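Working through the structure, step by step
Single-letter residue listing:
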Amino acid sequence: MNGKHCLAALGIASVLLAAVPARGFGAAEAPPAAKPEGKKDVLTISAKDYSATVRTPEGWQGDLEAAKPFHGNALFTQKGDPAGGAKILLILQHKFDENTALLLQGDIANIRKQYPNLELADLDVKHPKYATFAKTLSQPGQFFQYQVYMNPGSIYPDAIFVGMSKPKEAATPAELAAYQQIVQSLQLSPPTVAPTPQ
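Residues numbered from 1 in each chain as written. Predicted model: local features only at pLDDT ≥ 70, side-chain atom pairs only at ≥ 80, totals over all residues. Heavy atoms only, no water.

Quick look at the overall build of the chain now. The number of helices and strands found in the chain is 5 helices and 11 strands. A buried classification covers 46% of the 198 residues belonging to the chain. Across the chain, every contact between residues at least 6 apart in sequence was considered, and the portion connecting residues at least 24 apart equals 56%. Total accessible area on the chain stands at roughly 9500 Å², and carbon and sulfur atoms take up 56% of it. (Helix = DSSP H or I, 4+ residues; strand = E, 2+ residues; numbered from the N terminus. Buried < 20%, exposed > 50% of the residue type's maximum accessible area, 1.4 Å probe, protein only. Contact = heavy atoms within 4.5 Å. Areas by Shrake-Rupley, 256 points an atom, 1.4 Å probe, with all protein chains shown as cover.)

Shown next as structure tokens:
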């Protein structure tokens, strides 16, 4: 699978890692542990000093182990995983400051290096509490990538990335609704320890 196919199939595995240095996603350190919660449709991700929960949309499945090769915390696929179906990757990643919009800008700049004709569009996806920065990136006929970065506030050491990738064509309204549900359902517990000043 070459770089173009990888980007089209899942979107951000190589691009995101090159774009943004991540705290716990290198070979030396594993990403925060994730486990299914008591309810089948809720996943819990345990970070060092807090936990995150996210709901799995109806007709989708959340897979914590499948996210690990992409240095992610949860990977969502449609049940039956139809050929060409959308894939959604959630990553909790270390933030170096509170300007989370720069993470999205960095991704766009790095993807443009490989795809100079990259098209951008606004993406109307918002979290009810966290600062949200969203864009649709596409190379029609090759891939559509929906990217959301969220900043849950200065008491958390991590930013939240939720990316949805679809090869060749735009996401369907049902896929976009599932993506929005994942973004909006994400909740972080209060940290048990205050982050150290940077």
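Anyway, onward from the coordinates.
Let's shift gears to the sheet that holds strand β4 (residues 60-63). Hydrogen bonds between backbone groups are what pair the strands of a sheet, and the pairing can be parallel or antiparallel. Strand order in the open sheet made by the 7 strands is β4-β5-β6-β10-β9-β8-β7, with antiparallel pairing throughout. Lying at the two open borders of the sheet, with one neighbouring strand each, are β4 and β7 (119-122). The sheet shows a mean angle of 20 degrees between the axes of neighbouring strands, taken without regard to direction. The pairing of strand β8 (residues 131-139) with strand β9 (residues 143-151) spans 9 bridges and is antiparallel. Residue Ala 134 lies in a different strand from β9, and its bridge partner there is Val 148. Where helix α5 (residues 173-185) meets the sheet, it contacts β4, β5 (74-78), β6 (87-94), β9 and β10 (158-167), and its direction lies at approximately 170 degrees from that of β10. (Pairing = 2+ DSSP bridges. Axes fitted to C-alpha atoms, helices over the stretch in contact; angles between N-to-C directions.)

Here the focus is the pairing of strand β2 (residues 42-46). In terms of residue burial, β2 counts as a mostly covered element, since 4 of its 5 residues are buried. As defined by bridge partners, β2 adjoins strand β3 (residues 51-55) across 5 bridges and the pair is classed as antiparallel. In the sheet register, Leu 43 faces β3, and the bridge partner there is Val 54.

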